[in-house]
Structure formats: structure tokens, C-alpha cells
Amino acid sequence: MLDNPVRSSLCGPHAPFAQRRGDVRRYPPQMSQFAAMPERPDAADWADLAALAGPGAVVPLAAVETPPPAGWEVVLRGTGVQMTGEGVAGAPGGSEIVRLSPADVPEMLALTARTNPGPFLPRTIELGTFLGIRRGNRLVAMAGERVRPPGWTEISGVCTEAAHRGQGLASRLVLALTAGIAARGELPFLHVTGSNDTALRLYEALGFRARRTLTFTIVRVPPAA
């Protein structure tokens, strides 16, 4: 399930969101930029992705080991650490933590623009629960749920405004999400850029453990002929 998490999610609990062509699936573009392919896609899979995404589109992929065909551009290729939290004890986090709603999306977009935790789009909130902390009526920290392979939920979008870091806000949000995930009978997991030592130490301190490395690739579909 976790070896190709986006695909497992779009073939499982998030199947109602999936836009599909052949063996390729993707989320609606305003929800998530990720598409899902087999780990070793063939020429037909790449052609289906091109048709699904459109000429010149930029598409992030997870766990795809085969390079794209001629004419495609690899915009970025990197390795992330996949961590699982089977032994993490969740905690509610206190009354300061609030559940965010679609009405909060403008604030959430502004916060992610300031902190750059990774892609957050106008419909990302539809993927799962998002929690936040406000200080002085300003959203200063948040975290939420993204892909959902069967039995698992990814914690993502974890971010804290610079002026409020070092206060344990991210830890409280992650543990509150973990408590909600456990209440559904699921387990939490997450991904961290391999070079992000601060985040790795934080999640290890909370009880998450590295499971494997995962290749993330951003590709650009060839332009129209």
C-alpha cells in the first residue's frame, strides 16, 4: 500500500476523486497536483498521462522508477523519507486547536505561501481533516491529511509561521491528527525531504520511524505538436 501511496489512495478510499485514463489516475488539479502511475510505466501509460494532464502540464509523481520517454522534461527528481507512526500516541491538543473549513482556505493558502510546506491548493482541504492554531485572529500553524491508502492516512501540509516556531505547535497538530486517524482505525504516515533534518528530528521525537526512501519526480508533458 505505502510503496506507491498515491496510486493506492486513488484506487482505494480516494477513488471517487480520481480522474482516470487507462491505468493512470490523478486528483482534480485544484485538489492535488499528483498523478499516479505504475512504478514502471510503459509507453502507453506515459501517453495516457499526457492525454489526461494536457500538453505542457507539470505533473508530480511518486514512486515512479522509469524515466519518461523522449520529449518529456524532468523538472525535478528527489528522494523523500517515508515515515510511519504505528507507535505514535495521539493527543487531542487542547481547545486552541480548531478544525479548519472551506471558509478558511484563503487563510490557509496565505499561510502556505509564507511557509512553503509543499503544494496546497484551493480544494486540498477536501482530502481530509485540516487543523489549525490562531494567534490574534491570524492562522499561524496548520497540518492536515492528504493521501489515504487503505488503512493509512498521510499527514501533510505541516507548517508554522516563522515568528511562532519553537513553541511546539507543529507537534501538537500532528498528534491531534494522529488521534483522529487512530479513532478511524487507521495508521498515520508522512513524507519528509531527505535533507530536512529539522523535520526528521521532530517526527522521530514524536515516535515516527523511517520506513523507506521514495522517489518523487516532477515531469513536464511535451508541448502540443
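Residues numbered from 1 in each chain as written. Predicted model: local features only at pLDDT ≥ 70, side-chain atom pairs only at ≥ 80, totals over all residues. Heavy atoms only, no water.

Trainee: Is there a simple way to explain the overall build of the protein chain in this structure?
Mentor: Scanning the protein chain from terminus to terminus reveals five helices and eleven strands. Against the 2.2 N^0.38 benchmark of 17 Å for 225 residues, the protein chain shows a C-alpha radius of gyration of 18 Å, consistent with a compact globule. With the C-alpha coordinates of the protein chain rotated into their principal frame, the extents come out at 55 × 35 × 35 Å. Burial status across the protein chain gives 49% buried among its 225 residues. Long-range pairs, those at least 24 residues apart, make up 71% of the contacts in the protein chain with a sequence separation of at least 6. Of the roughly 10100 Å² of accessible surface on the protein chain, a fraction of 53% belongs to carbon and sulfur atoms. (Helix = DSSP H or I, 4+ residues; strand = E, 2+ residues; numbered from the N terminus. Rg over C-alpha atoms; globule rule 2.2 N^0.38 Å. Buried < 20%, exposed > 50% of the residue type's maximum accessible area, 1.4 Å probe, protein only. Contact = heavy atoms within 4.5 Å. Areas by Shrake-Rupley, 256 points an atom, 1.4 Å probe, with all protein chains shown as cover.)

Trainee: Sorry if this is basic, but what is going on with the nonpolar core here?
Mentor: In a soluble, globular protein the nonpolar side chains are often hidden away together inside. Met83, Tyr203 and Phe208 are the most contacted members of the largest nonpolar core, which totals 26 residues. Within the residue set of this core, elements represented by two or more residues are strand 5 (73-84), strand 7 (130-135), strand 8 (138-145), strand 9 (152-160), helix 4 (169-183), strand 10 (187-193) and helix 5 (197-206). With eight residues, helix 4 is the largest single contributor of residues to this core. Not counting chain neighbours up to four residues away, the residues in contact with Met83 comprise Phe189, Leu190, Val192, Leu200, Tyr203, Glu204, Phe208, Arg209, Ala210 and Arg211. Counting residues in each nonpolar core, the second largest holds 14 residues, with Val24, Ala53, Val64 and Val219 among its members. (Core = buried A, V, L, I, M, F, W, Y, C linked by side-chain atoms within 4.5 Å.)

Trainee: Mind showing me how you'd approach helix 5 here?
Mentor: Residues lying three or four places apart along an α-helix face the same way, a consequence of the helix completing one turn every 3.6 residues. Three or more residues of helix 5 are buried, namely Ala199, Leu200, Tyr203 and Leu206. One side of helix 5 holds all its buried residues, which, seen down the axis, span an arc of 130 degrees. Across from the buried face of helix 5, at angles greater than 90 degrees, the exposed residues are Thr198, Arg201 and Ala205. (Arc of directions from axis to C-beta.)

Trainee: What should I look at first to understand a nonpolar patch on the surface in this one?
Mentor: A surface patch of nonpolar side chains, about 240 Å² in accessible area, is lined by Val58, Val75 and Leu76. Looking at the element boundaries, Val75 is found in strand 5. (Patch = residues over 30% accessible without salt bridge, like charges linked within 9 Å, V, L, I, M, F, W, Y side chains within 5 Å. Salt bridge = Lys/Arg side-chain N within 4 Å of Asp/Glu carboxyl O.)

Trainee: Looking at this structure, how should I read the side chain of Arg25?
Mentor: Note that Arg25 resides in strand 2 (residues 24-26). Sequence-distant contacts of Arg25, that is, excluding residues within four places in its chain, are made with Arg7, Leu10, Cys11, Ala18, Gln19, Arg20, Ala35, Ala36 and Leu52.

Trainee: Whenever I open this one, the side chain of Asp45 confuses me. Can you help?
Mentor: Considering the arrangement of structural elements, one finds Asp45 in helix 2 (residues 43-53). For the buried Asp45, no salt bridge is present, and the opposite-charge side chain at shortest range is Arg7, 7.0 Å distant. The contact partners of Asp45, leaving out residues within four places of it in the chain, are Asp23, Val24, Met37 and Pro38. (Lys, Arg positive; Asp, Glu negative; His and termini not counted.)

Trainee: Just checking my understanding: could you explain the pattern of salt bridges for this structure?
Mentor: Between side chains of opposite charge, pairing is possible as soon as their charged atoms come close. For the structure on display, the rule yields 17 salt bridges. In this structure, Glu186 and Arg148 form a salt bridge, with 2.6 Å as the shortest nitrogen-oxygen distance. Taken together, the residues Glu186 in the loop between helix 4 and strand 10 and Arg148 in the loop between strand 8 and strand 9 connect sequence positions 38 residues apart. Look at the salt bridges and you will find they share partners, linking Glu145, Arg148, Arg184 and Glu186 into a network.

Trainee: Just to check I follow, could you spell out the environment of Gly90 for this structure?
Mentor: Tracing the sequence through the fold places Gly90 in the loop between strand 5 and strand 6 (97-99). A relative accessible area of 38% places Gly90 in the partly exposed class. Expressed as a C-alpha distance, the spacing of Gly90 and Ala179, which sit 89 residues apart in the sequence, is 4.1 Å. Excluding residues within four positions of it along the chain, Gly90 makes contact with Leu175, Thr178 and Ala179.

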